[in-house]
Amino acid sequence: MALPSAKSARPALSLTGPLRTLWWLLQSPRWAAVVTGVVALVALLGVLLPQLPFWARGDPAAEAAWLAQQRERFGPAAEWLWRLGLLDLFHAPWFAVALGLLVTSTVAYVVGRLPGIWAGIVRPRLRVPDSYFDTAPHRLRAAAAADVDALERALRRSLYRVVRFPEGAVTYLFADRFPWAAFGTLLGHGAVALFVIAAAVGSAGTFDTALLVAEGQSRPVLPTVASPRQMLVKVEDATGRFDPQGTPLDYRTQLVIYRQGEEVKRCQVTVNSPCSYDGYRFYQAAYFGYGAEVQVRDMRSGDVLYRETLALEFQRPAPFVRARDASGNVLFEGTVPVGEPLRLDLGQGPTDVSLAYLMVGGHSYLLGLWQAPDQGPRLLVASGDPSGGVVIGEGGRAAAGGLEWELVRVDQVPAARVTGFPLPPGREGDSALLQMTDVAYGTANASEGGRVPVAGLPGMPTLYLLGVSERPLALRPGQSAQVGDYEYTFVGQREFAGIQVRRDRSDTLVWVATGLLMAGLLMALWLPRRRLWMRIGPTETKLAVQGWPEVGLRREMERLLARAGVRADSRGGEDA
Amino acid sequence: MEQASVTALWAALGLTATAVLAYWAYTFGGWLALRRLATPGQGEVTVATWERSPEPLGRLGTWATWGALLAMVVSLAARWQASGRPPWANMWEFTTAFTGAIMLFYVLFERWYGQRSLGAVVQPLVLALLAVNVAFFPSELRPLVPALQSKGILAAHVGVMILAYAALSLSFGAAVLYLLQGGGRRRFSRLPPPDLLDEMAFRSVAIGFPLLALGIALGAYWGNTAWGRYWGWDPKETSALVTWLIYGVYLHLRGLRGWRGHRSAVLLVAAYGAVLFTYFAVNLVVAGLHSYAGV
Ligand code: HEM
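Residues numbered from 1 in each chain as written. Chains lettered and ligands numbered in written order. Predicted model: local features only at pLDDT ≥ 70, side-chain atom pairs only at ≥ 80, totals over all residues. Heavy atoms only, no water.

**A short note on the overall build of chain B**
Reasoning step 1: Tallying secondary structure elements over chain B gives 9 helices and 0 strands in all.
Reasoning step 2: Listing the helices and strands of chain B from first to last along the sequence gives α-α-α-α-α-α-α-α-α.
Reasoning step 3: For chain B, with 295 residues in total, the buried portion stands at 56%.
Reasoning step 4: A separation of at least 24 residues holds for 79% of the contacts in chain B among residues at least 6 apart in sequence.
Reasoning step 5: In the structure as shown, chain B presents an accessible area of about 11,700 Å², 68% of it carried by carbon and sulfur atoms. (Helix = DSSP H or I, 4+ residues; strand = E, 2+ residues; numbered from the N terminus. Buried < 20%, exposed > 50% of the residue type's maximum accessible area, 1.4 Å probe, protein only. Contact = heavy atoms within 4.5 Å. Areas by Shrake-Rupley, 256 points an atom, 1.4 Å probe, with all protein chains shown as cover.)

**What about the overall build of chain A?**
Reasoning step 1: When its secondary structure is counted, chain A shows 11 helices and 27 strands.
Reasoning step 2: Against the globule reference of 25 Å for 576 residues, chain A gives a C-alpha radius of gyration of 40 Å, more extended than a compact globule.
Reasoning step 3: With the C-alpha coordinates of chain A rotated into their principal frame, the extents come out at 125 × 55 × 50 Å.
Reasoning step 4: The 576 residues of chain A split such that 49% are buried.
Reasoning step 5: A fraction of 56% describes how many contacts in chain A between residues 6 or more apart in sequence connect residues 24 or more apart.
Reasoning step 6: With an accessible surface of roughly 27,400 Å², chain A has 57% of that area assigned to carbon and sulfur atoms.
Reasoning step 7: The averaged location of the 54 negative side-chain charges in chain A is 16 Å from the averaged location of its 59 positive side-chain charges. (Rg over C-alpha atoms; globule rule 2.2 N^0.38 Å. Lys, Arg positive; Asp, Glu negative; His and termini not counted. Charge placed at Lys NZ, Arg CZ, Asp CG, Glu CD.)

**Digging into the pairing of strand E26 (residues 529-536) of chain A**
All names here are of chain A.
Reasoning step 1: Burial analysis of E26 places 8 of its 8 residues in the buried class, the great majority of the element.
Reasoning step 2: Along E26, one buried face is formed by Arg529, Arg531, Trp533 and Arg535 and the opposite face, lined by Arg530, Leu532, Met534 and Ile536, is buried too.
Reasoning step 3: One ladder, built from 7 bridges, connects strand E3 (residues 170-177) with E26; its direction is antiparallel. Bridging from a neighbouring strand, phenylalanine 174 pairs with tryptophan 533 of E26.
Reasoning step 4: Here E26 pairs with strand E27 (residues 541-548) via 8 bridges, running antiparallel. Bridge pairing in E27 links arginine 535 to lysine 542. (Pairing = 2+ DSSP bridges.)

**Examining the sheet that holds strand E14 (residues 342-345) of chain A**
All names here are of chain A.
Reasoning step 1: Strand order in the open sheet made by the 5 strands is E14-E15-E16-E17-E18, with antiparallel pairing throughout. The open sheet has two edge strands, E14 and strand E18 (390-393), and neither has a second partner. Mean inter-strand twist for the sheet, computed between neighbouring axes without regard to direction, equals 40 degrees.
Reasoning step 2: Relative to strand E16 (residues 363-372), strand E15 (residues 350-360) runs antiparallel, the two sharing 7 bridges. Pairing of serine 354 across the sheet is with leucine 369, part of E16. (Axes fitted to C-alpha atoms, helices over the stretch in contact; angles between N-to-C directions.)

**Let's talk about the coordination of the iron atom of the ligand**
Reasoning step 1: Coordination sphere of the iron atom of the ligand, protein contribution only: His189 of chain A (NE2) and His252 of chain B (NE2), at 1.8 to 1.9 Å.
Reasoning step 2: Viewed at the metal, the 6 donor atoms of the iron atom of the ligand are separated by angles of 86 to 179 degrees, and the geometry they form is octahedral. On the criterion of chain membership, the pair formed by histidine 189 of chain A in helix H9 (residues 182-203) and histidine 252 of chain B in helix H8 (residues 235-253) is interchain, its members lying in two chains. (Donors = N, O, S within 2.8 Å, 3.2 Å for Na, K, Ca; no water. Tetrahedral: all angles 85-135°; square planar, octahedral: opposite > 155°, others 65-115°.)

**Overview of the interface of chain A and chain B**
Reasoning step 1: Contacts between the two partners involve 58 residues from chain A, matched on the other side by 57 residues from chain B.
Reasoning step 2: Across the chain A/chain B interface, buried area totals approximately 4,800 Å², and carbon plus sulfur atoms make up 65% of it.
Reasoning step 3: Sorting the residues of chain A by area buried against chain B places Val47, Asn272 and Trp526 of chain A first, and these three jointly supply 14% of that buried surface.
Reasoning step 4: Remark: the boundary between chain A and chain B carries 2 salt bridges.
Reasoning step 5: Two residues, arginine 260 of chain B and glutamate 550 of chain A, come together in a salt bridge whose shortest N-O distance is 3.9 Å.
Reasoning step 6: Connecting chain A to chain B are 2 residue pairs in polar contact (both at pLDDT 80 or more). (Buried area = accessible area lost by both parts, 1.4 Å probe. Salt bridge = Lys/Arg side-chain N within 4 Å of Asp/Glu carboxyl O. Polar contact = N/O pair within 3.5 Å; in protein donor to acceptor, adjacent residues only side chain to side chain.)

**Focus: the side chain of arginine 85 of chain B**
Residue and element names in this part refer to chain B.
Reasoning step 1: As for its position among the elements, arginine 85 is in the loop between helix H3 (55-83) and helix H4 (91-113).
Reasoning step 2: With relative accessibility at 15%, the residue arginine 85 sits in the buried group.
Reasoning step 3: At a separation of 3.0 Å, a polar atom in the side chain of arginine 85 contacts the side chain of glutamate 93.

**Observations regarding the sheet that holds strand E6 (residues 232-242) of chain A**
All names here are of chain A.
Reasoning step 1: Sheet architecture is open: 4 strands sit in the order E5-E6-E7-E8, paired in antiparallel fashion. Each edge of the open sheet is held by one strand with a lone partner, namely strand E5 (218-220) and strand E8 (262-270). Direction aside, neighbouring strands of the sheet carry axes that sit 25 degrees apart on average.
Reasoning step 2: Summarising the sheet, E6 and strand E7 (residues 248-259) pair through 10 bridges and their orientation is antiparallel. The residue of E7 that forms the bridge with leucine 232 is tyrosine 258.

**Details of the pairing of E6 of chain A**
Reasoning step 1: Pairing of E5 of chain A with E6 of chain A, which is carried by 3 bridges, proceeds in the antiparallel orientation. In the sheet register, serine 218 of chain A faces E6 of chain A, and the bridge partner there is lysine 234 of chain A.

**Quick notes on the confidence of the model for chain B**
Residue and element names in this part refer to chain B.
Reasoning step 1: Residues at a pLDDT of 70 or more form 82% of chain B, whose mean pLDDT is 84.
Reasoning step 2: Averaged pLDDT values for the elements of chain B fall to 57 in helix H2 (residues 31-38) and rise to 95 in H8.
Reasoning step 3: Low pLDDT, under 50, characterises residues 43-50; the stretch is placed with 16 contacts to residues that sit more than four places away or in other chains.
Reasoning step 4: Note on residues 288-295: pLDDT under 50 across the span, and 16 contacts to partners over four residues away in sequence or across chains.
Reasoning step 5: Scored as a whole, the predicted complex attains pTM 0.75, and scored at its interfaces, ipTM 0.88. (pLDDT = per-residue confidence, 0-100.)

**Here's the deal with H8 of chain B**
Residue and element names in this part refer to chain B.
Reasoning step 1: The terminal C-alpha atoms of H8 lie 27 Å apart, and with 19 residues this matches the ideal 27 Å at 1.5 Å per residue to within 8%.
Reasoning step 2: Summarising burial for H8: 16 of the 19 residues are buried, a large majority.
Reasoning step 3: Backbone nitrogen of lysine 236 and a side-chain oxygen of the N-cap are separated by 2.9 Å at the start of H8; the cap is aspartate 234. (Expected span 1.5 Å × (residues − 1).)

**Regarding the packing of H4 of chain B against helix H5 (residues 119-136) of chain B**
Residue and element names in this part refer to chain B.
Reasoning step 1: Running from N to C, H4 and H5 cross one another at 165 degrees; their axes reach a closest spacing of 9 Å. It follows from the interaxial angle that H4 and H5 lie roughly antiparallel. Here the hand of the crossing between H4 and H5 comes out left-handed. Together, Met91, Trp92, Thr95, Thr96, Phe98, Thr99, Ile102, Met103 and Tyr106 of H4 and Gly119, Val122, Gln123, Leu125, Val126, Leu129, Leu130 and Asn133 of H5 make up the contact between the two elements.
Reasoning step 2: Among the residues forming the contact of H4 with H5, the class breakdown is 11 nonpolar, 6 polar and no charged. (Parallel < 35°, antiparallel > 145°, perpendicular 65-115°, else oblique. Left-handed = near helix turned anticlockwise from the far one by under 90°. Nonpolar A, V, L, I, M, F, W, Y, C, P; charged D, E, K, R; others polar.)

What follows is the structure, encoded as structure tokens:
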């Protein structure tokens, strides 16, 4: 027989034939399981198969390179995986179709159920035909009359509302509890749809840019330079802290945001706490500690020709050497930056050697560093003619020019070749090689160029300018040196902050959906809604019940009957 | 403190092993139980003397379980004290917290339903997780990389995920017992009746499913503050979503004719596979593959 459920209370829809069937299909839990299962399965494939990384999307060269890697791994299968969209699953059109189907069905479910649930709350079906007590999926029978007053008390104590219909010797009773909890399922399902919609809306029209800004400098945010909404981001201080093993501990940046020349916001961003202004968010995205601020002045006019913060983003090998005199006193100890490699023959065939001159005790020495095949680094030390020099390996010692030399190790020092760097008039070339030694990477006072509390570092950083003069210029922070008519100044070590700027999207939609989802789930799963009908005759009590969640219904009803003084038959009907 | 936390975990391991033995003896009795498993269930149960529950064994199991829970709490508290942040930031801590949370839900369920036999499945699971933890995951404290330092939200996200997975572990236990009972029959009088097992499984999903939803949402929130995006389809977050969807499938199917009982129990066992996959495999296998792929 027809169940007196929400379904039968649904007003007939004016859909006919196949459309009507489709409408029902879309709302059925079986269909829900199929759609949800398919989305889950597809997403699982996306976990198991490598997916085109975000940085390669929209960049044909990067995409091709990534695809070539996949060909190496999967062989010819890679081609098929790619064509089917399986290597970029979450952006494949058919994945969007699957999600669309999920949203359509959940919306159909919410819309389709709403009238029935509403009717069940405002006009519940109070009476059912007697035959329902013998056919209901969840029913109980007891071979005695229940105490109706006790029953009603028990029901009310369990938060039911109760309606009685006495008819002579028989009493009919209707009781329901939390009928409105059925809205929970609508809220929950609506929220699922809302999530997908919010994501689709949010991914359209996002603004996203990344800026690398040195301390003390600023950059415009928007691509249209003259836009009235243009903002300037200035990095006042960028900090990275590391433990002695080099594990990063913390990155933070002190920012100032300007609009139309006015300071509009001043804030600090850390990795997990961005700063917001006018719908834009500023994230700490990267940190780079090897920057050097350099100034060049023309002494004839006094004009500053050049003042830049340069990122020393490459690494070059540099020998760390120690030189002792005959009585064992250390006359020199430190890292010696070397120049670009030159092809030289030092008696063992042509080798790429990087040279440096070093003054120790008033004498000039020539150092040459190269990598001997399969033997590691080699250092040539000579006073005067290179062919009379000695060659030492890492950790080795040898005497040259009256001193004992030791190659302690080979360091990697930050370096950059800077084109367009002003060279003194008369000097050829248009670039200089910058290297920095004794440099602390990421400490609170690295930027001040002060003494840094890092083990193994003797003192302040030194900036080497190669190519500006015959010998490299070595400058401490704040120091200047004049070459010809130009004065070169190492203003100080500077750090760079990578700042990502994004427009805040419709966050609200996501949070509304989360709230609805939680409320809906808790209501649907934890407020046991029940609807029960009873027929209490002189010698018999019958009960039919509907409820969700459909668990433990029978034991719950048995307990109820027991409180009204009757014991349910052991085979009163099917159970959940 | 760091050492105290490791010592306490070893104590928890010992106590859990005790609980496993006690619950097994309590639930399965011995060889006869194994024989019975091998014969197809007949629908009716004959309650032989050996099938009466040996109460002292059951009590031993319960005490050992409480002891193990206490040891886990001590371990986590010591860890928290030593590191100054919530103790679930690396695999070792995460697994310790996970086993602790399973224990917590387990003792609640044992009290709630007055059923000890669930321990016969859940305790071995906890023991296995603890064994994996001490065998494979390094316990020393290392500073966290900046992306993993977060006041509040990240810790809340991970904590909620742990609770969700722990609650879902109980549904696995109940489903396994359901299948042992012979799919709707009652092979063992000592095990709970099938409808009660079905209810226990459902209740633990009813706890775990919303928690998982909350955990994923908190993860998305954190992703937005840390990386400026809510959702990036990265393997870990996608895998958690897949797990959630599979439990969603269970919630739709469990009420349907043909899916009640046996099939739902099978589905729950499979769904727990997704939990463990998300928990271990994504970190240890898939992430490795992806980094190999040059990400
Ligand atoms: C694809 C479209 C969907 C339809 C047509 C649908 C339909 C339904 C139906 C008919 C029920 C009641 C089941 C019962 O009486 O036992 C239900 C329950 C449920 N569904 Fe869905 N569903 C859909 C999608 C989803 C999705 C994607 C989720 C999230 C994973 C979800 C989560 C739930 C939950 C948690 C329940 C149990 C609690 C409640 O009644 O709200 N559903 N769904």
